[in-house]
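# Coordinate analysis (summary)
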Amino acid sequence: MTQHDATAGSPSPSSNAADGADAGEVLSRSTDAASLARSLERSAEIEADMDVNPGRYRMLTGVRPTGNMHLGHYFGTMHSWQPIQDRGVDTWILVADYQVITDRDGVGPIRERVLSLVADTLAVGVDPQRSTIFTHSAVPAANQLMLPFLSLVTESELHRNPTVKAELEATDGRAMTGLMLTYPVHQAADILFCQANLVPVGKDQLPHLEQARMIAQRFDKRYGRAVKAHPVFRRPEALLSQAPLLLGLDGEKMSKSRHNTIELRMSADETAKLLRKAKTDSDRNITYDPQGRPEVANLLTLASLCGAGDPRSLADQIGDGGAGALKRITTEAVNEFFAPIRARRAELSANEDYLLQVLAEGNAKANEVAEQTLDAVRTAMHMNY
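Note that the coordinates shown come from a computational prediction; the quantities given were computed from them, not determined experimentally. (Residues numbered from 1 in each chain as written. Predicted model: local features only at pLDDT ≥ 70, side-chain atom pairs only at ≥ 80, totals over all residues. Heavy atoms only, no water.)

### Things to note about the overall build of the protein chain
Here is the rule: Helix and strand definitions follow DSSP, with helices as H or I runs of at least four residues and strands as E runs of at least two, each counted in order from the N terminus. Any residue under 20% of the maximum accessible area for its type is buried, any over 50% is exposed, and the rest in between are partly exposed; the area is computed with a 1.4 Å probe on protein chains only. Contacts: residue pairs with any heavy atoms within 4.5 Å of one another. All accessible-area figures derive from a Shrake-Rupley calculation using a 1.4 Å probe, and residue coverage is judged against the displayed protein chains alone.
The number of helices and strands found in the protein chain is 17 helices and five strands. Dimensions of the protein chain, computed from the C-alpha atoms along their principal axes, are close to 70 × 45 × 45 Å. Out of the 385 residues in the protein chain, the part that is buried amounts to 52%. Counting contacts in the protein chain only where the partners sit at least 6 residues apart, residues at least 24 apart contribute 79% of the total. For the protein chain, the accessible area works out to roughly 17300 Å², and carbon and sulfur atoms hold 51% of it.

If you want it as structure tokens, here you go:
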């Protein structure tokens, strides 16, 4: 797609510095209070405009298939996919299979996990007739953008990207791979190849989006345009998530690698068993205190997200019923809320041929768009011989 819209792709407050010597500083500041406030304001403007002008936007979101999707994924981002799609926004879901190896020694049971993610995506309401579901590895033209994009960034900028810093710290001293260092560039290729101008993110992912904007701007300045009327790439903007942060069942950060999650594919019995083991505390009187009693507050929040009511009202309702009553109410709320999603997912998982068909059709569409973008890149770079 080559649609470009000035309103949907307008520069962020920091983009003017993208070509300067302080670009690394811009990335570092992209999550500070002032930048975050501007991003939140712009995100609210986009939310309002989406209802009036949905055709202005193409939304891209992606998930690494490093394990099965869980409740944190659902309430963090997946719950928004169908509503965005239903508002008429062109919705693209990336199964980021190549990014599995940014911080791992192998791909693991990748085929199983990719198809599981496709089933989850469809089960939460994404319609493959209206949205595009595709994989990294099946779109070579998109990955080919890495070469010109790498010419537009410096090693210093990559090292100063806050997310890259955090991921390096999480490796416990292991050497950083080239793929991990260039992770923001790969994400930029994901976003820019399909001309996405809307990316749902949390505030910690804003540096990646800023990097993509910088690359788009620098490409335009250094290499020029295929068509004089507009740049080759649209400028992506953030749709900031307001979802609350859910803890894992052990009270730590929810993570597939920590095995402290409830997966979307789990049965009601499996969910109940896990929630019975969820960490709480020794105080029998249930109160909603996210700072002082984070584990108890986490279960109250989860029950609330699943339709059981306001977390403070729930706490008052349970009173001195203790952790047992809290876990029972949370289990009932979770299982009731996810019952239709799980039923639909079971149907989908039983039909592997359909899942493969959905992926093949999405990959075909992604390849068509990627080839158009790569052709424009070659034209701009005078390499169309």
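### Quick notes on unusual backbone geometry
Of note, the phi angle at Gln 195 is positive, near 60°, even though the residue is not glycine. Located in the positive-phi region is His 382, a residue other than glycine, with phi close to 60°.

### Here we look at the side chain of Thr 261
Tracing the backbone through its elements, the reader meets Thr 261 in the loop between β5 (237-240) and α13 (268-276). When sequence neighbours within four positions are dropped, the list of residues in contact with Thr 261 reads His 70, Leu 249, Met 254, Ser 255, Lys 256, Met 266 and Leu 274.

### Considerations on the packing of aromatic side chains
Any pair of aromatic rings gets described here by the distance separating the centres and the angle formed by the planes. Let me state the cut-off plainly: Each Phe, Tyr or Trp ring (for Trp, its six-membered ring) is paired with any other whose centre lies within 6.5 Å, and the angle between the two planes then decides the class: stacked below 30 degrees, edge-to-face above 60, tilted in between.
Applying the stated rule across the entire model yields 12 aromatic pairs. Centre to centre, the rings of Trp 92 and Phe 134 are 5.6 Å apart; their planes meet at 75°, and the pair counts as edge-to-face. Placement of Trp 92 in strand β2 (residues 90-95) and of Phe 134 in strand β3 (residues 131-135) is noted, with a sequence separation of 42 residues between them. Note on Trp 92: relative accessible area 0%, which makes it buried. Note on Phe 134 and Phe 193: the rings are 5.7 Å apart at their centroids and 75° apart in plane angle, and the pair reads as edge-to-face. Taken together, the positions of Phe 134 in strand β3 and Phe 193 in helix α11 (residues 183-193) put the pair 59 residues apart, joining distant regions of the chain. Assessed through its relative accessible area of 1%, Phe 134 is described here as buried. In this structure an aromatic cluster arises from ring pairing among Tyr 74, Phe 75, Phe 337 and Phe 338.

### Description of the pattern of salt bridges
Condition: Salt bridges are identified by distance alone: a Lys or Arg side-chain nitrogen within 4 Å of an Asp or Glu carboxyl oxygen.
One pass over the full model with this rule turns up 20 salt bridges. With a closest N to O distance of 2.4 Å, Asp 120 and Arg 345 form a salt bridge. Of this pair, Asp 120 sits in helix α5 (residues 110-123) while Arg 345 sits in helix α16 (residues 322-349), and the two are 225 residues apart along the sequence. For Asp 120, a relative accessible area of 2% puts it in the buried group. For Arg 265, the salt bridge goes to Glu 263, with nearest N and O atoms at 2.8 Å. Judged by its relative accessible area of 15%, Glu 263 falls in the buried class.

### Thoughts on empty space enclosed by the protein
The following threshold applies: Within this scheme a cavity is a closed region of a 1 Å grid, computed over the protein atoms alone, that accommodates a 1.4 Å probe without allowing it to escape, whereas a pocket is open but has protein on both sides within 12 Å along at least five of seven lines; lining residues each have an atom within 4 Å of a point. Grid points are joined across faces, edges and corners, and a volume is the space filled by probe spheres set on the points.
Evaluated as defined, the whole model comprises four cavities of 30 Å³ or more. When its volume is computed, the second largest cavity comes out at roughly 60 Å³. In this structure, the second largest cavity is lined by Leu 71, Leu 246, Leu 247, Leu 249, Met 254, Ile 262, Asn 298, Leu 299 and Leu 302. Top element by residues in the lining of the second largest cavity is helix α14 (residues 294-308). It accounts for three residues.

### Quick word on the pairing of β5
Filter applied, for reference: Note on pairing: two strands pair once DSSP finds at least 2 bridges between them.
Burial of β5 is two-sided: the residues Glu 237 and Leu 239 facing one way and the residues Ala 238 and Leu 240 facing the other way are all buried. Where strand β4 (residues 198-201) and β5 come together, four bridges link them in parallel fashion. The partner of Pro 200 across the bridge, within β5, is Leu 239.

### Remarks on the nonpolar core
Definition in use: Side-chain atoms within 4.5 Å link the members of a nonpolar core, which is a set of buried Ala, Val, Leu, Ile, Met, Phe, Trp, Tyr and Cys residues.
Counting 56 residues, the largest nonpolar core has Ile 133 and Phe 338 as its most contacted members. Per-element tally for this core: the top contributor is α16, with eight residues. When residues no more than four places from it in sequence are discounted, the contact partners of Ile 133 are Ile 93, Val 95, Val 118, Thr 121, Leu 122, Val 126, Val 358, Leu 359, Gly 362 and Asn 363. The next biggest cluster of nonpolar side chains, apart from the first, holds 45 residues, and it includes Val 139, Leu 152, Phe 193 and Ala 380.

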